[in-house]
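Chain by chain, the residues run as shown.
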Amino acid sequence: MASSSDDKAAAISSTAVRPPPALPWKVKLFVKLMSFAVDLSCRPDGTVNRRVMSLFDIKSRPRRSKGVSSTDVTVDPSRNLWFRLYTPTFSTANPLPLIFFFHGGGFAFLAPDSKPYDDSCRRLAAEIPAVVISVNYRLAPEHRCPCQYEDGLDVLKFIDGGKCNEVARLCQELKRSFVAGDSAGGNLAHHVAMRGGSHKFSSLDLIGNISIQPFFGGEERTASELELADAPFSTWKRTDIMWKLFMPVGSDRDHPAVNVFGPNGEDVSTVKFPATVVFVGGYDPLKDWQRRYCEGLKRAGKEARVVEYENAIHTFYAYPEVPESDRFVEEVRNFIRDPIGFCSADQQ
């Protein structure tokens, strides 16, 4: 039986949709193709057809390009845990910051070598500049929550243990480390930071969380989910499917992995948690949950700030053709320079 919130969503979705922002034709085409691929790949029985998605998921090999060199590093072959390491090739006199990046894809799709993520991480490495570690975590539904969080923390432990000489050489010390992620990856970044805050690292110190349109939710239907019911990628109908693929069997959307400040959420106030910038798109149905995430961090006594782009769609930052993408990179650079100062500026 459908919930009352689902009935309300169905009633509103046909009448309350905002006009979409103008997008370059290449971006429109990519968005439509990937939305179609996700819908086609999700079977009614709760499994995923990865062969279908492979037709749309273009891969990029490690290479030296655009001032950045990339290589793949294996952490644990038994669970296909690896990361793609991006290092700027130009010389710099200062130690570089380190960014642990978690890709999106609804916990079920894509990887660090998917072309949009390879391009985005290469750009961050070159333009911040920074050393970027893009993590290949296990995918749902074959591997459900919390496997992905465990994979992320294990990569942090791998680097903290000095098992990657290139990172040690370029960063020199790991006191300027950040977690980052978009969509589902933003959810992972939060939960990895939570676990990292309770772990005693020998060298690594997480000082910032770059939360890019993070994927959070709950049983409630928010105003933005209803009003933007036909927006690209993150419609409530599609996100409901992603949550079912990811969550432990039998869980609802108020599970603490989903609704982090909901009735079952963990107490963030007791954990060492990094300063956080939350990037929000005005045309993203998830924006209400993202704003609530920032407010929840503030209530818990953590440094946090929202940066919102009124006409940005979900995944906007990955398209250099979109003007908000350049602004995003600039804001990330400013945040990395001084995370606490960046967040504090929001209160002035």
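As the structure is a prediction and not an experimental result, all values here were calculated from the model.

### Notes on a nonpolar patch on the surface
For step 1, the next point in the chain: Together, Trp25, Leu29 and Leu33 give the surface a local cluster of nonpolar side chains, amounting to about 340 Å² of exposed area.
For step 2, the next point in the chain: With respect to the helices and strands, Trp25 occurs in helix 2 (residues 25-41).

### A word on the layout of surface pockets
For step 1, the next point in the chain: Looking at the largest pocket, its volume works out to about 1100 Å³.
For step 2, the next point in the chain: Together, 47 residues line the largest pocket, and Phe30, Met34, Pro116, Ala318 and Tyr319 are the ones closest to its centre.
For step 3, the next point in the chain: Listing elements by their share of the lining of the largest pocket, those giving two or more residues are helix 2, helix 4 (115-127), helix 9 (236-246) and helix 11 (323-337).
For step 4, the next point in the chain: Of all the elements, helix 4 adds the most residues to the lining of the largest pocket, at 10 residues.

### Section: the pattern of salt bridges
Close approach of charged atoms lets side chains of opposite charge pair.
For step 1, the next point in the chain: Summed over all chains, the structure comprises 26 salt bridges.
For step 2, the next point in the chain: Here Asp151 and Arg138 are joined by a salt bridge, their closest N and O atoms 2.9 Å apart. Note that Asp151 is positioned in helix 5 (residues 147-160) and Arg138 in the loop between strand 5 (131-136) and helix 5, a separation of 13 residues in sequence.
For step 3, the next point in the chain: Given the relative accessible area of 16%, Arg138 is considered buried.
For step 4, the next point in the chain: The salt bridge partner of Arg291 is Glu308, with a shortest N-O separation of 2.7 Å. In this pair, Arg291 sits in helix 10 (residues 287-299) while Glu308 sits in strand 9 (residues 304-313), placing the two residues 17 residues apart along the sequence.
For step 5, the next point in the chain: Note on Glu308: relative accessible area 33%, which makes it partly exposed.

### Looking at the UniProt feature "domain: Alpha/beta hydrolase fold-3" (unreviewed entry) in the chain
For step 1, the next point in the chain: The UniProt entry lists residues 99-317 under the feature "domain: Alpha/beta hydrolase fold-3" (unreviewed entry), expressed in the numbering used here.
For step 2, the next point in the chain: Its end C-alpha atoms 16 Å apart, residues 99-317 is made of 35% helix and 19% strand.

### Topic: the packing of aromatic side chains
For step 1, the next point in the chain: Per the stated rule, a full pass over the model turns up 20 aromatic pairs.
For step 2, the next point in the chain: Ring centres of Tyr149 and Phe246 lie 6.0 Å apart, and the angle between their planes is 70 degrees; this geometry places the pair in the edge-to-face category. With Tyr149 in helix 5 and Phe246 in helix 9, this pair connects stretches of sequence that are 97 residues apart. By the burial criterion, Tyr149 is buried, and Phe246 matches it.
For step 3, the next point in the chain: Plain terms: the ring middles of Phe178 and Phe335 are 6.1 Å apart, the flat faces sit at 65 degrees to each other, and that makes the pair edge-to-face. Taken together, the residues span a long stretch of sequence, with Phe178 in strand 6 (residues 177-182) and Phe335 in helix 11 at a distance of 157 residues.
For step 4, the next point in the chain: According to the relative accessible area criterion, Phe178 is buried, its value standing at 0%.
For step 5, the next point in the chain: Overall, the relative accessible area of 0% leaves Phe335 in the buried class.
For step 6, the next point in the chain: The rings of Phe107, Tyr149, Phe215, Trp243 and Phe246 are connected pair by pair, giving a single aromatic cluster.

### Observations concerning the environment of Phe90
For step 1, the next point in the chain: By the element assignment, Phe90 lies in the loop between strand 3 (81-88) and strand 4 (98-102).
For step 2, the next point in the chain: Under the relative-accessibility criterion, Phe90 is labelled partly exposed at 37%.
For step 3, the next point in the chain: The contacts of Phe90, once residues within four sequence positions are left out, are Gly67, Ala126 and Pro129.

### Focus: the nonpolar core
For step 1, the next point in the chain: Among the nonpolar cores identified, the biggest contains 108 residues, and Phe100, Ile133, Ile159, Val167, Ile210 and Phe328 are the most heavily contacted of them.
For step 2, the next point in the chain: Excluding residues that lie within four positions of it along the chain, Val167 makes contacts with Leu85, Leu98, Val131, Ile133, Ile159, Gln172 and Leu174.

### Considerations on the sheet that holds strand 7 (residues 206-212)
For step 1, the next point in the chain: A sheet is described by the order of its strands in space; here nine strands give the open sequence 1-2-3-5-4-6-7-8-9, paired in mixed fashion. Edge positions in the sheet fall to strand 1 (64-65) and strand 9, since each has one partner strand and no second.
For step 2, the next point in the chain: The pairing of strand 8 (residues 275-283) with strand 9 spans seven bridges and is classified as parallel. Opposite Gly281, over in strand 9, you have Tyr309 as the bridge partner.
For step 3, the next point in the chain: Across the face of the sheet, helix 5 comes into contact with strand 2 (68-76), strand 3, strand 4, strand 5 and strand 7 while running at roughly 55 degrees to strand 3.
For step 4, the next point in the chain: Packing against the sheet, helix 11 makes contact with strand 4, strand 6, strand 7, strand 8 and strand 9, and its axis sits at approximately 170 degrees to strand 9.

Calculation notes
Residue indices begin from 1 for each chain and proceed along its sequence in written order. Since the coordinates come from a predicted model, pLDDT governs what is reported: local features require at least 70, and pairs of side-chain atoms require 80 or more to be given and counted, while whole-chain, interface and lining totals use all residues. Working from all heavy atoms in the structure, the side-chain values ignore hydrogens and water. Nonpolar side chains (Val, Leu, Ile, Met, Phe, Trp, Tyr) within 5 Å and like charges within 9 Å form the patches, drawn only from residues with over 30% relative accessible area and no salt bridge. Areas reported as accessible are Shrake-Rupley estimates using a 1.4 Å probe. Residue values count occlusion only from the protein chains shown. Here a salt bridge means any side-chain nitrogen of Lys or Arg lying within 4 Å of a carboxyl oxygen belonging to Asp or Glu. Secondary structure elements are taken from DSSP: a helix is a run of H or I of four residues or more, a strand is a run of E of two residues or more, and numbering for both begins at the N terminus. With a 1 Å grid laid over protein atoms only, a set of points is called a cavity when a 1.4 Å probe fits there but cannot get out and a pocket when it is open yet has protein on both sides within 12 Å along at least five of seven lines; lining residues have an atom within 4 Å of a point. Grid points are joined across faces, edges and corners, and a volume is the space filled by probe spheres set on the points. Accessibility here uses a 1.4 Å probe with only protein chains present; expressed as a share of the type maximum, an area under 20% marks a residue as buried, one over 50% as exposed, and anything in between as partly exposed. UniProt positions are given in the numbering used here, feature names are shortened, and annotations may be inferred rather than shown by experiment. We call Phe, Tyr and Trp rings a pair once their centres come within 6.5 Å, taking the six-membered ring for Trp, and we label the pair stacked below 30 degrees between planes, edge-to-face above 60, and tilted otherwise. By definition, residues are in contact when any of their heavy atoms lie within 4.5 Å. In plain words, nonpolar cores are sets of buried Ala, Val, Leu, Ile, Met, Phe, Trp, Tyr and Cys residues tied together by side-chain atoms within 4.5 Å. By definition, two strands form a pair when at least two bridges between them are found by DSSP. A fitted line through C-alpha atoms represents every axis, and for helices the fit uses only the stretch in contact; the resulting angles, taken between N-to-C directions, go from 0 to 180 degrees.

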